[in-house]
Amino acid sequence: MRMAFLDPGLLRTELVLEEATLAPDGQGGHTESWSEAATVFALVEPVSATSVFGADQTLETVTHRITLRARDGLASGMRFRKCGRVFAILTGHDPDESGRYLVCRTREVGL
């Protein structure tokens, strides 16, 4: 298998990795809060931006590819945060099965 080369110097964007914590609200539902799991350095690349208009509203979707050093415990449903921007993790995979890097496909939340 061909090894992917990535200059480690490109991993210079500092992101906070967060995971959701669900707590019962006492009425049969739950409240969701986010807690910091780690701080990572990554390469953030915009992939696509789409805009769909319908029912008198516009839905904006921006996706990014975020590459970081491999780590345990990263899963879809978690998110990255940088200042006021939030990137929901949709998928995460090892691009060349070497165990060196993870590539996450994300959707920017709150646009």
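Look up: the structure comes first, before these words.
Here is a short report on the structure shown in this document.

Rules used throughout
Residue numbering note: each chain is counted from 1, following its sequence as written. Per-residue local features are limited, in this predicted model, to residues with pLDDT of at least 70; the limit for side-chain atom pairs, both in listing and counting, is 80 or more; totals at the level of whole chains, interfaces and linings are taken over all residues. Water and hydrogen atoms were dropped before computing side-chain values, which therefore reflect all heavy atoms in the structure. Counting from the N terminus, the helices are the DSSP runs of H or I reaching at least four residues and the strands are the DSSP runs of E reaching at least two. Burial status follows relative accessibility: with a 1.4 Å probe on protein chains alone, a residue under 20% of its type maximum counts as buried, one over 50% as exposed, and anything between as partly exposed. In what follows, a contact means two residues having at least one pair of non-hydrogen atoms within 4.5 Å. Residue-level accessible areas treat just the shown protein chains as cover; the underlying method is Shrake-Rupley with a 1.4 Å probe. In this tally, Lys and Arg are treated as positive and Asp and Glu as negative; His is ignored, and so are the chain termini. Charge coordinates come from a single atom per side chain, which is NZ of Lys, CZ of Arg, CG of Asp or CD of Glu. The definition of a nonpolar core used throughout is a set of buried Ala, Val, Leu, Ile, Met, Phe, Trp, Tyr and Cys residues joined through side-chain atoms within 4.5 Å. Note on pairing: two strands pair once DSSP finds at least 2 bridges between them. To obtain each axis, a line is fitted to C-alpha atoms, and for helices this fit is confined to the stretch in contact; angles are then taken between N-to-C directions over 0 to 180 degrees. Salt bridges are identified by distance alone: a Lys or Arg side-chain nitrogen within 4 Å of an Asp or Glu carboxyl oxygen. Nitrogen and oxygen atoms within 3.5 Å of one another constitute a polar contact, given that in protein one can donate a hydrogen and the other can accept it, and given that sequence-neighbouring residues count only through two side-chain atoms.

### Focus: the overall build of the protein
Thought 1: For the protein, the helix and strand inventory stands at zero helices and six strands.
Thought 2: Each helix (α) and strand (β) of the protein, taken in turn from the N terminus, gives the series β-β-β-β-β-β.
Thought 3: Principal-axis analysis of the C-alpha atoms gives the protein an extent of 50 × 35 × 25 Å.
Thought 4: The buried share among the 111 residues of the protein stands at 30%.
Thought 5: Partitioning the intrachain contacts of the protein with sequence separation of at least 6 by distance along the chain shows that 49% fall at a separation of at least 24.
Thought 6: Here the protein has roughly 7300 Å² of accessible surface; of this, 51% comes from carbon and sulfur atoms.
Thought 7: Distance between charge centroids for the protein: 6 Å, based on 12 positive and 15 negative side chains.

### What to know about the nonpolar core
Thought 1: Counting residues in hydrophobic clusters, the biggest one holds 14 residues, and the most contacted among them are Leu17, Ile66, Leu68, Leu74, Phe80 and Ile89.
Thought 2: Breaking this core down by element, the ones donating at least two residues are β1 (13–24), β2 (30–54), β3 (57–69), β5 (85–93) and β6 (101–109).
Thought 3: Broken down by element, this core gets its largest block of residues, three residues, from β2.
Thought 4: For Ile66, the contacting residues outside a window of four places in its chain are Leu15, Ala42, Leu43, Val44, Phe80, Phe87, Leu102, Val103, Cys104 and Thr106.

### Some remarks on the sheet that holds strand β4 (residues 79–82)
Thought 1: If you walk around this closed barrel you meet the six strands as β1-β2-β3-β6-β5-β4, and the pairing is antiparallel. Between one strand axis and the next, the sheet turns through 45° on average, direction left out of account.
Thought 2: Looking at chain direction, β2 and β3 are connected through 12 bridges and run antiparallel. Its bridge partner being in β3, Ser48 is matched across the sheet by Thr63.

### Observations concerning the side chain of Asp94
Thought 1: As for its position among the elements, Asp94 is in the loop between β5 and β6.
Thought 2: There is no salt bridge for the buried Asp94, and the closest opposite charge comes from Arg100, which lies 6.8 Å off by N-O distance.
Thought 3: At 3.3 Å, the side chain of Asp94 and the backbone nitrogen of Glu97 are in polar contact.
Thought 4: A distance of 3.2 Å separates a polar side-chain atom of Asp94 from the backbone nitrogen of Ser98.
Thought 5: Apart from residues lying up to four places away in sequence, Asp94 is in contact with Gly99, Arg100, Tyr101 and Leu102.

### A closer look at the environment of Val40
Thought 1: By the element assignment, Val40 lies in strand β2.
Thought 2: The class of Val40 is buried, set by a relative accessible area of 7%.
Thought 3: Residues Val40 and Arg105, spaced 65 residues apart in sequence, show a C-alpha to C-alpha distance of 16 Å.
Thought 4: When residues no more than four places from it in sequence are discounted, the contact partners of Val40 are Thr13, Glu14, Leu15, Leu68, Arg71 and Phe80.

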